[in-house]
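For reference, the chains in residue letters:
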Amino acid sequence: MTARYQQECFFKNLCRVAGLSVAVVVIGLLLLLFIRGVPGFWRVEIAVEMVLPETISRDSLRQAIAAATLQQPSGGRAAPLLADGTLDELRRRLQDRPLAAGLHKLWLPASSDINRWWRDGYLSPTAPWRAEDLATLKTAAILQARFNAGLLTQGDSRHAETAGLYNGLLGSLLVLLVAIGLTVPIALGAAIYLTELGKGRLVRLCESQISNLAAVPSIIFGLLGLGILLNVFGLPRSSALVGGITLGLLSLPLLIVTFAAALRAVPQEYRDAALALGASRRQTIYYHVVPYATARLLTGLILAIARIIGETAPLLLVGMVAFIGQTSPSLTGATTTLPVQIFLWYDRPEHQFVEKASAAIVVMLAVVLLLNLVAFFWRDYLDKQQRCSQ
Amino acid sequence: MLSRSAQHLPATNGGADIIFYIFIYAALALALTVGLGIIGVLISESWRFFSLVPPTNFFFGAVWNPQIGAGDEWLHRFGVLPVLAGTVLITALAMALTLPLALLVAVYLNFYAPPDFRRWFKPLLELLAAIPTVVYGFVAIIIVSPALQALGRSLGLTLASEMALSAGLVMSLMLLPLLSSLCDDALRTIPRAWRDGCLGLGALPNEAIRKIYLPCLQPALLAAVLITVGRALGETMIVVMAAGMAARLTFNPLEPVTTATVQIVTLLIGDQAFDSPKTLAAYALGLTLFTLSLGLNMAAQKLHHRVPR
């Protein structure tokens, strides 16, 4: 008898340990990603005094930067400390918010050597400054870690200090709009057929087709996009249009399944009542079933959006791996998206880009997880409401 | 359908009705065309590949090194076996880790957990399922691989940063929410009467679970495993970032291996000439992958329809 109870106790504890350890791992993983990523939003900047020229051009700014000095009490030349991309960043900043010519105090990004030294305490032997000098600058508050809003407002760059996610975010939005615009009507129509119009064996056949489609690996959709959209229809490579259509087709089966579930959750009484009052089938669906299901349809849509935002693999195949830089994305021009940007950044040889990629992951996770939580709790609320009303 | 419902409609609705039905059926047709499009493109491109490289070289060749050279020698560098070996190794590693864990989690949720546990545990699993795979890839190469390397160093092993084990570990984490929620769904179908019967006859919960419920639910659980394996075979970003590029015929989890998805990405990323066997090989790999995952899913559907007795 006791042996059996010991066994029961052991089994129960095993299950408990499994459940709790999964919970701990999930929370730990998310915390780890956020903790690793958040420092990437800060970068070391240098307080610089420089004379801005009358006319802003590459050459005049280059001269101004070369002549710039560190702020008092140091007063040394600033140029060797600055990041490689400083010139481009300063030019963009002045184009957005022009400053009068003359002497200005500005914060400019420090070089990657200094960023590394700030974080790890390691200064590369080729750096033109000694660690003690940097420490003095740090105590004089000429070197400071400052929040880098450019991460969200600037485009990609070859230099980690000045690289930003703006074009990736915009590209993701464009791709998303194309995908949703294409998929939602198709998915809604197919779901209406599956739940409202079709009967018997044909519906079962369609359902198993769609389930098969949902099981197709996402990379195969990349092959589809490449083989048909690019090579047969000749749509522009790397464009948001092709990426959007590919991801739209990818999310189609998922969307059909969730839409069909949403329509099935509409109580049968609504259909019966509408039909009994003389509404046609179309009127019943159009004026009663679909409006009743709107909230649930929207939760399904939110989940599909979250999935589309995070999808990467098919986009690699339709050529969305080009370096975009500052050119803002367009429907037919070369585009990049947030997850592709993360993939490209982690792969770059410069060490700093890993930190940037971690910060980009924080941005993406914040969006995707928030969307999922909203969908989850909204659906939960709808379920409860429906149970109460019955 | 159209004619039947049109019979009892007011005449004024005819136009709107026709548009409505055209919309519905066009949408359905489009949705079903996607599958045909996939099959069409995979088969036609693979056909072109197999007219250049004999199918026997592809399916039974033990060397994968898709470089085209002079002479006939390169025809023997398109052997899919090492690629499949890597795919199977990583999938097996991931499943070996995730299956016991997912089953235990599902059992805990259904039989042992306090009622509140499910309420906050489910959203947590949902979050895990929502993490984009590129993030998992990042975790594998930036966090898990260095940790495994440090562990290996303390045991006197030198490990490459790309290895099957770290990809498998992280993939098991990715598969966990899917498999545990499928197992959970299966366990939820257990009728009240079974529980009453088992416990009424004096079985302890663990005995009922291990000897009655799980064996009876075998088809549904097997279906869950097949669906999850299908997902693992097709996973791309984790393996692209963490598993490696070199194809070798090995089952050692500490070595870098490659998978079908990794090879598709490496063959097609960047510029490509569309009649070269190198790019067409990606479609042959894609066809293999597609056939595998389709077969798994169809088997899962078959199993799912079998009612437990």
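To start, this report covers the structure provided alongside it. (Residues numbered from 1 in each chain as written. Chains lettered and ligands numbered in written order. Predicted model: local features only at pLDDT ≥ 70, side-chain atom pairs only at ≥ 80, totals over all residues. Heavy atoms only, no water.)

### Looking at the overall build of chain B
At step 1: For chain B, the count of helices and strands is 13 helices and zero strands.
At step 2: When the helices and strands of chain B are placed in sequence order, the string is α-α-α-α-α-α-α-α-α-α-α-α-α.
At step 3: Its C-alpha radius of gyration of 25 Å places chain B more than 25% over the 19 Å reference for a compact globule of 309 residues.
At step 4: Taken over the C-alpha atoms alone, chain B extends approximately 70 × 70 × 35 Å along its principal axes.
At step 5: Looking at the 309 residues of chain B, the share that counts as buried comes to 54%.
At step 6: Long-range pairs, those at least 24 residues apart, make up 69% of the contacts in chain B between residues at least 6 apart in sequence.
At step 7: When the accessible surface of chain B is split by element, carbon and sulfur atoms take 67% of a total near 13,500 Å².
At step 8: Measuring between centres, the 18 positive side-chain charges of chain B sit 11 Å from its 15 negative side-chain charges. (Helix = DSSP H or I, 4+ residues; strand = E, 2+ residues; numbered from the N terminus. Rg over C-alpha atoms; globule rule 2.2 N^0.38 Å. Buried < 20%, exposed > 50% of the residue type's maximum accessible area, 1.4 Å probe, protein only. Contact = heavy atoms within 4.5 Å. Areas by Shrake-Rupley, 256 points an atom, 1.4 Å probe, with all protein chains shown as cover. Lys, Arg positive; Asp, Glu negative; His and termini not counted. Charge placed at Lys NZ, Arg CZ, Asp CG, Glu CD.)

### Remarks on the overall build of chain A
At step 1: If you tally the helices and strands in chain A, you get 15 helices and four strands.
At step 2: In terms of C-alpha radius of gyration, chain A reaches 28 Å, well past the compact-globule figure of 21 Å for 390 residues.
At step 3: Projected onto its principal axes, the C-alpha positions of chain A cover 85 × 70 × 40 Å.
At step 4: Expressed as a percentage of the 390 residues in chain A, the buried residues total 53%.

### Comments concerning the interface of chain A and chain B
At step 1: Contacts between the two partners involve 79 residues from chain A, matched on the other side by 84 residues from chain B.
At step 2: Summed over both sides, the interface between chain A and chain B buries roughly 7,200 Å², with carbon and sulfur atoms accounting for 79% of that surface.
At step 3: The tally of links between chain A and chain B comes to two salt bridges.
At step 4: Of the charged contacts, one joins A:Arg282 and B:Asp17 as a salt bridge, the two residues approaching to 2.6 Å between their closest N and O atoms.
At step 5: The dominant element in the side of chain A that touches chain B, judged by the number of residues it contributes, is helix α1 (residues 2–37) of chain A, at 22 residues.
At step 6: Each residue belonging to the side of chain A that touches chain B can be placed in one class, and the counts come to 55 nonpolar, 15 polar and nine charged. (Buried area = accessible area lost by both parts, 1.4 Å probe. Salt bridge = Lys/Arg side-chain N within 4 Å of Asp/Glu carboxyl O. Nonpolar A, V, L, I, M, F, W, Y, C, P; charged D, E, K, R; others polar.)

### Considerations on unusual backbone geometry
Of all residues except glycine, most have a negative phi; of all peptide bonds, most are trans.
Residue and element names in this part refer to chain A.
At step 1: One non-glycine residue, Ala-141, lies in positive phi territory at about 60 degrees.
At step 2: Relative to the assigned elements, Ala-141 resides in the loop between α5 (131–139) and β4 (143–147).
At step 3: Relative accessible area serves as the criterion here: at 34%, Ala-141 is assigned to the partly exposed category.
At step 4: Backbone geometry places Ser-238, a non-glycine residue, at a positive phi of 65 degrees.
At step 5: With respect to the element layout, Ser-238 can be found in the loop between α9 (218–230) and α10 (240–264).
At step 6: For Ser-238, a relative accessible area of 10% puts it in the buried group.

### Overview of the pattern of salt bridges
At step 1: What the rule picks out here adds up to 22 salt bridges over all chains.
At step 2: For A:Glu45, the salt bridge is made with A:Arg146, and the minimal N-O distance between the two is 3.0 Å. Of this pair, A:Glu45 sits in strand β1 (residues 42–52) while A:Arg146 sits in strand β4, placing them 101 residues apart in sequence.
At step 3: On the basis of relative accessible area, A:Glu45 is assigned to the buried category, the value being 6%.
At step 4: In this structure, the salt-bridge partner of B:Arg192 is B:Asp196, at a minimum N-O distance of 3.6 Å. One end of the pair is B:Arg192 and the other is B:Asp196, both in helix α8 (residues 192–200) and four residues apart, which spans about a single turn.

### Here we look at the packing of aromatic side chains
At step 1: Within this structure, the stated rule accounts for 22 aromatic pairs over all chains.
At step 2: Their ring planes at 80 degrees and their centres at 5.1 Å tell us that A:Tyr286 and A:Tyr287 sit as a pair that is edge-to-face.
At step 3: Taking 5.5 Å as the distance between ring centres and 80 degrees as the angle between the ring planes, the aromatic pair formed by B:Phe49 and B:Phe58 counts as edge-to-face. Here B:Phe49 and B:Phe58 have matching classes, each one buried.
At step 4: Clustering of aromatic rings is evident, with ring pairs tying together B:Phe49, B:Phe50, B:Phe58, B:Phe59, B:Trp64 and B:Phe78.
At step 5: The ring of A:Phe11 carries B:Arg210 above its face, with NZ or CZ at 6.0 Å from the centroid. (Phe/Tyr/Trp six-rings, centres within 6.5 Å; stacked < 30°, edge-to-face > 60°. Lys NZ or Arg CZ within 6 Å of the ring centre and 35° of its normal.)

### Quick look at helix α9 (residues 205–216) of chain B
At step 1: Looking at α9(B), one finds that the buried residues are B:Asn206, B:Glu207, B:Ala208, B:Ile209, B:Tyr213 and B:Leu214.
At step 2: In this fold, the buried residues of α9(B) make contact with α1 of chain A together with α4 (81–112), α7 (164–188), α8 and α10 (218–234) of chain B.

### Some details on the environment of A:Leu303
Residues and elements named next belong to chain A.
At step 1: Within the secondary structure layout, Leu-303 lies in helix α12 (residues 281–310).
At step 2: Linking Leu-303 and Val-178, residues 125 residues apart in sequence, is a C-alpha distance of 16 Å.
At step 3: For Leu-303, the residues in contact, after removing those within four places along its chain, are Asn-372, Ala-375 and Arg-379.

### Description of the packing of α4(B) against helix α5 (residues 115–130) of chain B
Residue and element names in this part refer to chain B.
At step 1: Relative orientation of the contacting elements α4 and α5 amounts to 140 degrees, with a least axis distance of 8 Å. When the axes of α4 and α5 are compared, the pair comes out oblique. Of the residues in α5, those in contact with Val-105, Tyr-108, Leu-109 and Asn-110 of α4 are Phe-117, Arg-118 and Phe-121. (Axes fitted to C-alpha atoms, helices over the stretch in contact; angles between N-to-C directions. Parallel < 35°, antiparallel > 145°, perpendicular 65-115°, else oblique.)

### Remarks on α5(B)
At step 1: Helix length check: α5(B), at 16 residues, gives a terminal C-alpha distance of 24 Å against a target of 22 Å (1.5 Å per residue), a fit within 8%.
At step 2: Of all the bends in α5(B), the greatest reaches close to 25 degrees and is centred on B:Phe121; the proline B:Pro123 follows between one and four positions later.
At step 3: Every buried residue belonging to α5(B) is among B:Phe117, B:Arg118, B:Phe121, B:Lys122, B:Pro123, B:Leu124, B:Leu125, B:Leu127, B:Leu128 and B:Ala130, and all of these are buried.
At step 4: Packed against the buried residues of α5(B) are α1 and α15 (352–389) of chain A together with α4, α6 (133–154) and α7 of chain B. (Expected span 1.5 Å × (residues − 1). Bend = angle between axes of the 7 residues up to and from the residue.)

### A look at the packing of α9(A) against helix α12 (residues 260–268) of chain B
At step 1: It is at 10 Å that the axes of α9(A) and α12(B) come closest, and there the two elements cross at 30 degrees. The angle between α9(A) and α12(B) places the two elements in the roughly parallel class. Relative to α12(B), α9(A) is oriented so that their crossing is left-handed. Of the residues in α12(B), those touching α9(A) at A:Ile219, A:Leu223 and A:Leu226 are B:Thr261, B:Ile264, B:Val265 and B:Leu268.
At step 2: Each residue belonging to the contact of α9(A) with α12(B) can be placed in one class, and the counts come to six nonpolar, one polar and no charged. (Left-handed = near helix turned anticlockwise from the far one by under 90°.)

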